[in-house]
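What follows is each chain in one-letter form.
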Amino acid sequence: MSSPLKEFQIAGLLGSGGVACTYEALHIKTNQRVALKTLSQSAALDEKVRKAFILEAELAAELSHPNLVACVDMNVEGRQPWIAFELIEGASVADVLRTNDFLDANWAMNIATDIAYGLTAAHQKGILHRDIKPTNILFSAEGSVKLIDFGAAYLEKPGTLEILSKGQHTFSGTPEYASPEQLKGDVLDERSDLYSLG
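Draft legend 1. Region of the structure containing empty space enclosed by the protein. Using the criterion set out here, one finds 3 cavities of 30 Å³ or more in the structure. Taken as a whole, the largest cavity encloses approximately 60 Å³ of empty space. As for the largest cavity, its lining consists of Glu56, Ala60, Leu63, Val69, Phe85, Asp149 and Phe150. For the lining of the largest cavity, the class distribution of residues is 5 nonpolar, no polar and 2 charged.

Draft legend 2. Fine view of the environment of Ile28. Inspection of the secondary structure puts Ile28 in the loop between strand S2 (20-27) and strand S3 (32-39). Sequence separation between Ile28 and Gln9 is 19 residues; the distance between their C-alpha atoms is 6.6 Å. Sequence-distant contacts of Ile28, that is, excluding residues within four places in its chain, are made with Lys6, Glu7, Phe8 and Gln9.

Draft legend 3. A look at the pattern of salt bridges. Evaluated as defined, the whole model comprises 9 salt bridges. Across the pair Asp149 and Lys37 runs a salt bridge whose closest N-O atoms are separated by 3.6 Å. Taken together, the residues Asp149 in the loop between strand S8 (145-147) and strand S9 (154-157) and Lys37 in strand S3 connect sequence positions 112 residues apart. Overall, the relative accessible area of 31% leaves Asp149 in the partly exposed class. On the accessibility criterion, Lys37 (13% relative accessible area) is buried. Residue Lys146 is joined to Glu86 by a salt bridge in which the shortest nitrogen-to-oxygen separation is 3.2 Å. One end of the pair, Lys146, is in strand S8; the other, Glu86, is in strand S5 (residues 82-86), with 60 residues separating them in the sequence. Within the structure, one salt-bridge network assembled from shared partners comprises Glu24, Arg33 and Glu89.

Draft legend 4. Representation of the layout of surface pockets in the model. Put simply, the second largest pocket is a space of about 330 Å³. Val93, Leu103, Ile137, Leu197 and Gly198 are the residues nearest the centre of the second largest pocket, which is lined by 17 residues in total. For the lining of the second largest pocket, the secondary-structure elements that each account for two or more residues are helix H2 (93-99), helix H3 (105-124) and helix H5 (190-197). When residues of the lining of the second largest pocket are assigned to their parent elements, the largest contribution, 4 residues, is made by H3. Broken down by class, the residue content of the lining of the second largest pocket amounts to 13 nonpolar, 2 polar and 2 charged.

Draft legend 5. Region of interest: the side chain of Gln80. With respect to the element layout, Gln80 can be found in the loop between strand S4 (71-75) and S5. A relative accessible area of 12% places Gln80 in the buried class. Within the local environment of Gln80, its side chain forms a polar contact with the backbone oxygen of Leu39, the two atoms lying 3.2 Å apart.

Draft legend 6. Focus on the nonpolar core. Core analysis: the largest hydrophobic core is formed by 19 residues, its most contacted members being Leu63, Ile111, Ile115, Ile127, Ile137, Leu147 and Phe150. Where this core is concerned, the elements lending two or more residues are H2, H3, strand S7 (137-139) and S8. In terms of residues, this core owes the most to one element, H3, which gives 5 residues. Ala20, Leu39, Val69 and Phe85 belong to the second largest nonpolar core, which has 16 residues in total.

Rules and cut-offs
Residues numbered from 1 in each chain as written. Predicted model: local features only at pLDDT ≥ 70, side-chain atom pairs only at ≥ 80, totals over all residues. Heavy atoms only, no water. 1 Å grid on protein atoms, 1.4 Å probe; cavity = no way out; pocket = protein on both sides within 12 Å on 5 of 7 lines; lining within 4 Å. Points joined across faces, edges and corners; volume = space filled by probe spheres on them. Nonpolar A, V, L, I, M, F, W, Y, C, P; charged D, E, K, R; others polar. Helix = DSSP H or I, 4+ residues; strand = E, 2+ residues; numbered from the N terminus. Contact = heavy atoms within 4.5 Å. Salt bridge = Lys/Arg side-chain N within 4 Å of Asp/Glu carboxyl O. Buried < 20%, exposed > 50% of the residue type's maximum accessible area, 1.4 Å probe, protein only. Polar contact = N/O pair within 3.5 Å; in protein donor to acceptor, adjacent residues only side chain to side chain. Core = buried A, V, L, I, M, F, W, Y, C linked by side-chain atoms within 4.5 Å.

By themselves, these figures tell us nothing about what the structure is for.
This is the structure in C-alpha cells:
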C-alpha cells in the first residue's frame, strides 16, 4: 500500500502534539520545501479530530497576510490528511527568550506591531487565534515575523458557528498566555488575542 504522503520527501520532525506532527518536507513535484502538518493515522480515524483538522485547513487557506504563515497546499480527503505551510527558517520568540532574560523594548514593539497586523487580518474574517505564545511567533530568514498554528482557533461566520479543536466555552490554548475570560470559559472576542499578544 502506498503512503498517503507519497507527494513528499520527509526531511525531519519539526514538532509534535497530541494528534498531529509537523515535518520539514520537500514537495516532490514542485521542489518546494514546506512545513507539513499531518494527523497521525490513528487520530485520523477519530471523526471529531479529523473534522477539526479539516476546519483548520480551510481556515488556513482562507487567511493571507505577510505576518501569518501561508498555507500552500492541503489534502483532507485521504486516510492521513495533511496541510502544507510555507517553511519558516528561523528562530521563534521562545528560542530568543531561552538565551536572553528579556527582549529589547524596541524589538519587542516591532514584533507586537507585526503580529497585531496579522491578527487584524484574521479578526476581520471573524477568526480568533486563541493560542498566541512565544513558540507560535517565528522569524523568517529575511527578518519578517510570522504567527503560526491556528489549531486552537475559533471561527465565526454570519449564520454559522464553526469550532476548531474545542468549543468557544471550553478552554483551548496555553494557560500561561491566556486571557482571564479565556481561562474562565467565557465568550471571547478580539481583545482576548490582544491580551495574549501583550
